[in-house]
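Okay, here's what each chain looks like letter by letter:
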Amino acid sequence: MLTAREIMTGNAECIGENETLEAAARKMLELDVGSLPVCGEDNRLKGMVTDRDIVTKCLARGGDPRTAKAGELAEGKPVTIGADDSIEEAIKTMQSHQVRRLPVIDGHELVGILSQADIARNYPEDRVGDLVEFISY
């Protein structure tokens, strides 16, 4: 049985909760990703921010990404998965929360990101369509 740790993308980079959305957007561009974990001063995960969040929750509402902070968009407790949790548990979590990526936590430390694509690359081919359908439903 595969675990999140075995197929996640490791070395996840955070954006600090007090860094600007402009800095977050630049980091997303540099890393070629569409979302970043938001970490607090205490190095704990505060949430996730996506490129879509920056557009719809800042720019479209007249906000200034040069002054708005990443922590302002990291709303609520982030949905996570434990590093040693099974892929089946990760899929259930993605389905129930309708998310396509999960921060992977070991204790209180962020150790990686598990995406729908990571699972699809490591999941039996005959079940990948079900995975996408279930998460996207």
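Novice: It is not clear to me how the sheet that holds strand β1 (residues 9-10) should be interpreted in this structure. Could you clarify?
Specialist: Sheet strands line up and pair through hydrogen bonds in the backbone, either parallel or antiparallel. Reading across from one edge, β1-β7-β6-β5 is the order of the four strands in this open sheet, with mixed pairing throughout. The open sheet terminates on both sides in strands that have one partner only, identified here as β1 and β5 (81-82).

Novice: Mind showing me how you'd approach helix α4 (residues 87-97) here?
Specialist: Owing to its 3.6 residues per turn, the α-helix brings residues three or four apart onto one side. When α4 is considered as a whole, its buried residues turn out to be I87, A90, I91, T93 and M94. With its buried residues spanning 160° around the axis, α4 presents them on a single face. Facing away from the buried surface of α4 by more than 90 degrees, the exposed residues are K92 and S96. Once α4 finishes, Q98 follows within two positions and takes phi at roughly 50°, a positive value.

Novice: Whenever I open this one, helix α2 (residues 21-31) confuses me. Can you help?
Specialist: For α2, every residue scored as buried is listed here: L21, A24, K27 and M28. Buried residues along α2 cover an arc of 115° about the axis, so they all sit on one side. Set apart from the buried face of α2 by more than 90 degrees, the exposed residues are R26, L29 and E30. The inward-facing, buried residues of α2 abut β2 (15-16), β3 (35-39), β4 (45-50) and α3 (51-57).

How each quantity is defined
- Residues numbered from 1 in each chain as written.
- Predicted model: local features only at pLDDT ≥ 70, side-chain atom pairs only at ≥ 80, totals over all residues.
- Heavy atoms only, no water.
- Pairing = 2+ DSSP bridges.
- Helix = DSSP H or I, 4+ residues; strand = E, 2+ residues; numbered from the N terminus.
- Buried < 20%, exposed > 50% of the residue type's maximum accessible area, 1.4 Å probe, protein only.
- Arc of directions from axis to C-beta.
- Contact = heavy atoms within 4.5 Å.

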